[in-house]
Amino acid sequence: MRPRRRLAVISTHTSPLARAGTTKAGGMNVYIADLTRHLAEVGWEVDVYTRRDRMDAPDMEDLGHGARLFHVDAGPPVSLPPIEIGAHVSDFTAGVQRLAGQTEPYDLIHSHYWVAGLSGIELSRQWQVPHVVMFHTLGALKEVFQQPEPPFRIAGERRVVACADAVIGATSHERAFLIGQYGADASRVQVVPCGVDLETFHPAGIDESRRRLAASLPELCLDDGPGILFVGRLEQSKGADLLVQALPLIQNRPDARLWIVGGDNRDNGERARLCSLAADRGVAHRVQFVNAVERSQLPDLYRAASVCAVPSAYESFGLVAVEAMASGTPVVATRVGGLASTIADGATGLLVGDRQPATFAAAIDRLLGDEPLRRQMGAAAAQQMSRYSWHSVTRSILDVYEELLSDRGSTGSQRDPCCPDSVESLLVAAG
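Every chain's residues receive numbers from 1 upward, in the order its sequence appears when written. Only residues with pLDDT of 70 or above have their local features reported here, since the model is predicted, and side-chain atom pairs are shown and tallied only from 80 upward, although totals for entire chains, interfaces and linings are computed over all residues. Hydrogens are left out, water is left out, and the side-chain values use all remaining heavy atoms of the structure.

Before we go on, may I ask you to explain the overall build of the protein in this structure?
Going along the chain from the N terminus, every DSSP run of H or I of four or more residues is numbered as a helix, and every run of E of two or more is numbered as a strand. A count of helical and extended segments in the protein gives 17 helices and 14 strands. C-alpha atoms define the radius of gyration, and 2.2 Å times the number of residues to the power 0.38 defines the globule rule. Over its C-alpha trace the protein gives a radius of gyration of 22 Å, about what one expects of a compact globule, namely 22 Å for 431 residues. Referenced to the eigenvectors of the C-alpha coordinate spread, the extents of the protein come out at roughly 65 × 50 × 45 Å. Looking at the 431 residues of the protein, the share that counts as buried comes to 56%. In this description, contact between two residues means that some pair of their heavy atoms is separated by no more than 4.5 Å. For the protein, long-range pairs separated by at least 24 residues make up 70% of all intrachain contacts whose partners lie at least 6 apart in sequence. Calculation of accessible area relied on Shrake-Rupley with a 1.4 Å probe; when residues are assessed, cover is drawn exclusively from the protein chains displayed. Carbon and sulfur atoms form 50% of the exposed surface of the protein, whose accessible area is close to 17300 Å². In this tally, Asp and Glu contribute negative charge and Lys and Arg positive charge; neither His nor the terminal groups of the chain are included. Where a charge lies is defined by one atom per residue type, namely NZ (Lys), CZ (Arg), CG (Asp) and CD (Glu). Of the charged side chains in the protein, 42 are positive and 51 negative, and the gap between their average positions amounts to 2 Å. Under the scheme applied here, a residue whose accessible area is under 20% of the maximum for its type counts as buried, over 50% as exposed, and between as partly exposed, the area being computed with a 1.4 Å probe on protein chains only.

So this is what it looks like as structure tokens:
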């Protein structure tokens, strides 16, 4: 009987246990947590390594089914932006190496995001095992839609793309960008969508969801008008301010309310700015704020909402949109990145090409003013999301793993290292 495969997951800048919707915690955290659980359930032993970002973080946490989370000392034990973590990549890599020396060897490395990929390159060379990377967001792609990214990030991503044995993109759009803009070897870029837990996110039980929300989140004022739901970090790139400006332009249902769900006490400044914006537009009484909730509460929010709005400047996949559609709620979203792949415009939701308040207001207005259309889109959305089941996604990820392991076993050697210099050289080159 073959021993269980062992996987090292590198998530340097954020823990999969961090609450999604807070600072630097979002769909990637959910993805890593869910994929880890499903891999463990099918027999893999999974260890996740993340940087210690608070003093009271335990050395190790049990994730269940044979999966574990290790906190690695690298830099100060405080939350840092990913670009600042770059200066601690070498220390983090050495810390992972020390901890890994106390356990059985790994068969494969799966890193998430570019700073983790830099560690994955070195660990792959040391352990002589294949390295898979998923970026979740790409700096050069964000530059197309948002502000410029630091040169160190772009250089780091290019190095990881060049050195990883396989790169997983969530959409064909991301794959094309990796090949065209980062020079990735097409044979090493695989498309595997992110998954959604269909046992949790489904349309059944709307009445029960509304009752639970009325008790747990009375500030939403469920009976005072249809809810337009925003779920995400309180960052300007996510577009909550765009929805605040769109709210007074909605004509079919002037009683509609905007539920902004996300952030925590660290986001009081942005929340105050949104409150001021709502007051200036005369809709302060129609905008409700709720801190990022436990994932167990999200299905109720999605089901209770009439529309879920995702006005992001860019989303590599758009997990919020997929979860909402799986819950039977149509989505109005920006036509960018993965959102253009997951939403069938006019069938499961509406895509907005012009990221302006008036354009979003018109799309939301269309759904709120046509109840049969809204219900039809919600039902179609829930049906189409079955292709993102975690059973299917896990199987596709395992296919990538097994192909790499089979290739390594047949050749008996590792691909020649293409990145012999240390991460410090990137720091120097980027100034």
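The discussion continues.
Is there a simple way to explain the side chain of D264 in this structure?
You can see D264 is positioned in the loop between β10 (257-261) and α10 (268-280). Judged by its relative accessible area of 16%, D264 falls in the buried class. Polar contacts involving the side chain of D264 include one to the side chain of R266, which spans 2.7 Å. Here a polar contact means two N or O atoms within 3.5 Å. Within protein one must be a hydrogen donor candidate and the other an acceptor candidate, and residues neighboring in sequence count only if both atoms are side-chain atoms.

How do you make sense of the pairing of β10 when you look at a structure like this?
The side chains of a regular strand alternate between both faces of the sheet. Most of β10 is tucked away: 5 of the 5 residues are buried. By definition, two strands form a pair when at least two bridges between them are found by DSSP. As defined by bridge partners, strand β9 (residues 227-231) adjoins β10 across 5 bridges and the pair is classed as parallel. For L229, the partnering residue across the bridge sits in β10 and is W259. By convention a crossover is right-handed if, when the strands point away from the viewer, the path from the first strand over the helix to the second runs clockwise. Read from β9 through helix α9 (residues 240-246) to β10, the crossover connection turns out right-handed. Sheet topology places β10 next to strand β11 (residues 287-290); 4 bridges connect them, and they run parallel. Considered in β11, the bridge of I260 is made with F289. Running through α10, the crossover from β10 to the neighbouring parallel element β11 is right-handed.

What is the right way to look at the packing of aromatic side chains in this model?
We call Phe, Tyr and Trp rings a pair once their centres come within 6.5 Å, taking the six-membered ring for Trp, and we label the pair stacked below 30 degrees between planes, edge-to-face above 60, and tilted otherwise. Under the defined criterion, the tally for this structure stands at 10 aromatic pairs. The interplanar angle of 50° and the centroid separation of 5.2 Å between the aromatic rings of W44 and Y401 together place this pair among those described as tilted. With W44 in the loop between α1 (27-41) and β2 (45-51) and Y401 in helix α16 (residues 390-411), the pair connects residues that are 357 residues apart, well separated along the chain. Ring centres of F177 and Y182 lie 6.2 Å apart, and the angle between their planes is 55°; this geometry places the pair in the tilted category. For the pair formed by F177 and Y182, the shared burial category is buried. Three or more aromatic residues joined by ring pairs make a cluster, and in this case those are Y49, F70, Y106 and W127.

Help me understand the sheet that holds strand β8 (residues 189-191), please; the structure alone is not making it clear to me.
Adjacent strands of a sheet form backbone hydrogen bonds with each other and so pair up, either parallel or antiparallel. A sheet is described by the order of its strands in space; here 8 strands give the open sequence β3-β4-β2-β1-β5-β6-β7-β8, paired in mixed fashion. Edge positions in the sheet fall to β3 (60-64) and β8, since each has one partner strand and no second. Averaged over all adjacent pairs, the angle separating strand axes in this sheet is 25°, with direction ignored. By the bridge criterion, 4 bridges tie strand β5 (residues 108-112) to strand β6 (residues 131-134) in an arrangement that is parallel. Opposite I109, over in β6, you have H131 as the bridge partner. Contacts from helix α7 (residues 172-182) reach β7 (166-169) and β8 within the one sheet, and its direction differs from that of β8 by about 170°. The convention used is that axes are lines fitted to C-alpha atoms, helices contributing only their stretch in contact, and that angles between N-to-C directions extend from 0 to 180 degrees.

For this particular structure, what's the right way to read the side chain of S11?
Along the chain, S11 turns up in the loop between β1 (6-10) and α1. Among the residues examined, S11 registers a relative accessible area of 0% and is labelled buried. What S11 contacts, discounting residues up to four positions off in sequence, is M28, I32, Y49, T50, R51, H112 and A116.

So what exactly am I meant to see when it comes to the nonpolar core here?
Side chains that are nonpolar tend, in soluble globular proteins, to be buried together. Core analysis: the largest hydrophobic core is formed by 90 residues, its most contacted members being F135, L301, Y302, V331 and Y401. Of all the elements, α16 adds the most residues to this core, at 8 residues. Aside from chain neighbours lying at most four places away, what touches Y302 is F201, L229, V231, C308, V320, E323, A324, S327 and T329. If you look at the next biggest cluster of nonpolar residues, it comprises 31 residues, including L247, A256, A278 and V332. Throughout this description, the term nonpolar core refers to a set of buried Ala, Val, Leu, Ile, Met, Phe, Trp, Tyr and Cys residues connected via side-chain atoms within 4.5 Å.

Where do I start with the pattern of salt bridges in this structure?
Any carboxyl oxygen of Asp or Glu that lies within 4 Å of a side-chain nitrogen of Lys or Arg is treated as forming a salt bridge with it. If you walk through the whole model with that rule in mind, you get 30 salt bridges. Note that K238 and E315 form a salt bridge whose closest N and O atoms lie 2.7 Å from each other. Of this pair, K238 sits in the loop between β9 and α9 while E315 is found in the loop between β12 (307-310) and α12 (319-326), placing the two residues 77 residues apart along the sequence. You'll find K238 and E315 in the same group, each marked buried. The salt bridge involving D399 is made with R395; its shortest N-O contact spans 3.3 Å. Of this pair, D399 and R395 both sit in helix α16, 4 residues apart, which is roughly one turn of that helix.

I keep staring at the sheet that holds β10 and nothing clicks. Help me out?
If you trace the 6 strands from one edge of the open sheet to the other, you get β11-β10-β9-β12-β13-β14, paired in parallel fashion. If you trace the sheet from one side to the other, it starts and ends with β11 and β14 (349-352), each paired once. The average angle at which neighbouring strand axes cross in this sheet is 20°, direction not considered. As judged from the 3 bridges shared by β12 and strand β13 (residues 331-334), these two strands associate in the parallel manner. Each residue of the ladder has a partner; that of C308, found in β13, is V331.

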